[in-house]
Amino acid sequence: MDHKTRITREGIRLYDTADFEGMRVAGRLAADILDRIAPMVVPGVTTGELDAAIEAMVNDAGATSATIGYKGYKHASCISINHVVCHGIPSDKKLKDGDILNIDVTVIVDGWYGDTSRMYVAGALPRKAERLIEVTHEALMIGIEAAKPGNTFGDIGFAIQSHVEKNRMSVVRDFCGHGLGQVFHAPPNVLHYGRPGTGPVLQEGMFFTIEPMVNLGRPETKVLADDWTAVTRDKSLSAQFEHSIGITAEGCEIFTLSPAGRFHPTYG
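As the structure is a prediction and not an experimental result, all values here were calculated from the model.

## Re the overall build of the protein
In terms of helices and strands, the protein carries 4 helices and 17 strands. What you see for the protein is a C-alpha radius of gyration of 17 Å, in line with the 18 Å of a compact globule of 268 residues. The principal-axis extents of the C-alpha atoms in the protein amount to approximately 50 × 45 × 35 Å. Counting across all 268 residues of the protein, residues that qualify as buried make up 55%. Put simply, of all contacts in the protein between residues at least 6 apart along the chain, 70% involve residues at least 24 apart. Within the structure as shown, the protein displays about 11400 Å² of accessible surface, and the carbon and sulfur contribution to it stands at 51%. Across the protein, the 26 positively charged side chains and the 33 negatively charged ones have centroids separated by 6 Å.

Right, here's the structure in full:
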């Protein structure tokens, strides 16, 4: 790292104002890819076909997939269907009418990481799934509202947890958001639950993801024998949305906003 690198006592890197542009470019590409995959999410398509299309988009943009080769992972996306919480592996499994799925993509552009995920539906959206998706999206945006200098990471987690539990759903505690920038995963761990005023204080120049996973049932998860796929223990539906953000002097900047306004499956 260069001589200007600033790191907090918790090990969180503080990036310079000029570094925001690199994150904007990487974040926009990741979001654009998720925009462009949306019309392909229909009953009968396989998750492997969706992943192949995503990999082609990454390559066509002259970017690199952060997930291919990461700890032996072989795909350009994670695709998590129904009760899969996260890290679902693309396969020859065909989507069925009413399936909900999260697609998670991370790209590297000129050394900067753009990481985002969002929900999709194949065919008609079931009512209970619609409410789950709505609450999860609201929880992400409420968490982002709390992301400003002087607040703490506990404030973000508390805001998310409060909204989810008020709606009689549960926040997954086994997985969390993370710092990023010129690395894929770095301090801090961004918990989606917590107590106000706890954890590191947010400072200008912090880059990290907020990515709440919300279950219709209980919060417990288990990882399957493939060592990647995490599912709800009670087989209840799960949803997730993820943005990469940077803390600014006034609040935060979202790097992964959807260029086409399609971040939510009922938009666009």
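Moving on, there is more to tell.
## A word on helix H2 (residues 47–60)
Its 14 residues give H2 an end-to-end C-alpha distance of 20 Å, which sits within 8% of 20 Å, the value for a rise of 1.5 Å per residue. Among the residues of H2, those classed as buried are Thr47, Leu50, Asp51, Ala53, Ile54, Met57 and Val58. Each buried residue of H2 sits inside an arc of 160 degrees when the element is viewed along its axis, so together they form one side. The secondary structure elements touched by the buried residues of H2 are helix H1 (19–37), strand S3 (64–65), strand S4 (78–81) and strand S6 (100–109). Phi for Gly62, located one or two positions after H2, is positive at around 75 degrees.

## Things to note about helix H3 (residues 127–145)
Residues that lie three or four places apart on an α-helix share one face, since the helix turns once every 3.6 residues. The terminal C-alpha atoms of H3, which comprises 19 residues, lie 27 Å apart, in line with the 27 Å expected from a rise of 1.5 Å per residue. Buried within H3 we find Ala129, Leu132, Ile133, Val135, Thr136, His137, Ala139, Leu140, Gly143 and Ile144.

## Brief notes about the pairing of strand S16 (residues 243–247)
Within S16, 5 of the 5 residues are buried, leaving the element largely enclosed by the surrounding structure. Direction of pairing for strand S11 (residues 207–210) relative to S16: antiparallel, over a ladder of 4 bridges. Across the sheet, Phe207 pairs through a bridge with Gly246, a residue of S16. As judged from the 3 bridges shared by S16 and strand S17 (residues 252–254), these two strands associate in the antiparallel manner. If you follow Ile245 over to S17, its bridge partner there is Ile254. Following S16, the chain reverses through 4 residues before pairing antiparallel with S17.

## With respect to the environment of His163
Here His163 is to be found in helix H4 (residues 153–166). The class of His163 is buried, set by a relative accessible area of 11%. Put simply, His163 and Glu253 are 90 residues apart on the chain and 22 Å apart in space, counted from C-alpha to C-alpha. If near-sequence neighbours (up to four positions away) are discounted, His163 is found in contact with Val135, Glu138, Ala139 and Ile142. Side-chain polar atoms of His163 contact the side chain of Glu138, separated by 2.7 Å.

## Overview of the state of the cysteines
A complete count under the given rule lists 0 disulfides for this structure. In this structure Cys78 is not part of a disulfide, and its nearest cysteine sulfur, from Cys86, lies 7.8 Å away. Overall, Cys78 belongs to the buried group, its relative accessible area being 9%. Of all cysteine sulfurs in the structure, the one in Cys176 sits closest to Cys252, which takes part in no disulfide; the separation is 18 Å.

Conventions used here
- Residues numbered from 1 in each chain as written.
- Predicted model: local features only at pLDDT ≥ 70, side-chain atom pairs only at ≥ 80, totals over all residues.
- Heavy atoms only, no water.
- Helix = DSSP H or I, 4+ residues; strand = E, 2+ residues; numbered from the N terminus.
- Rg over C-alpha atoms; globule rule 2.2 N^0.38 Å.
- Buried < 20%, exposed > 50% of the residue type's maximum accessible area, 1.4 Å probe, protein only.
- Contact = heavy atoms within 4.5 Å.
- Areas by Shrake-Rupley, 256 points an atom, 1.4 Å probe, with all protein chains shown as cover.
- Lys, Arg positive; Asp, Glu negative; His and termini not counted.
- Charge placed at Lys NZ, Arg CZ, Asp CG, Glu CD.
- Expected span 1.5 Å × (residues − 1).
- Arc of directions from axis to C-beta.
- Pairing = 2+ DSSP bridges.
- Polar contact = N/O pair within 3.5 Å; in protein donor to acceptor, adjacent residues only side chain to side chain.
- Disulfide = S-S within 2.5 Å.

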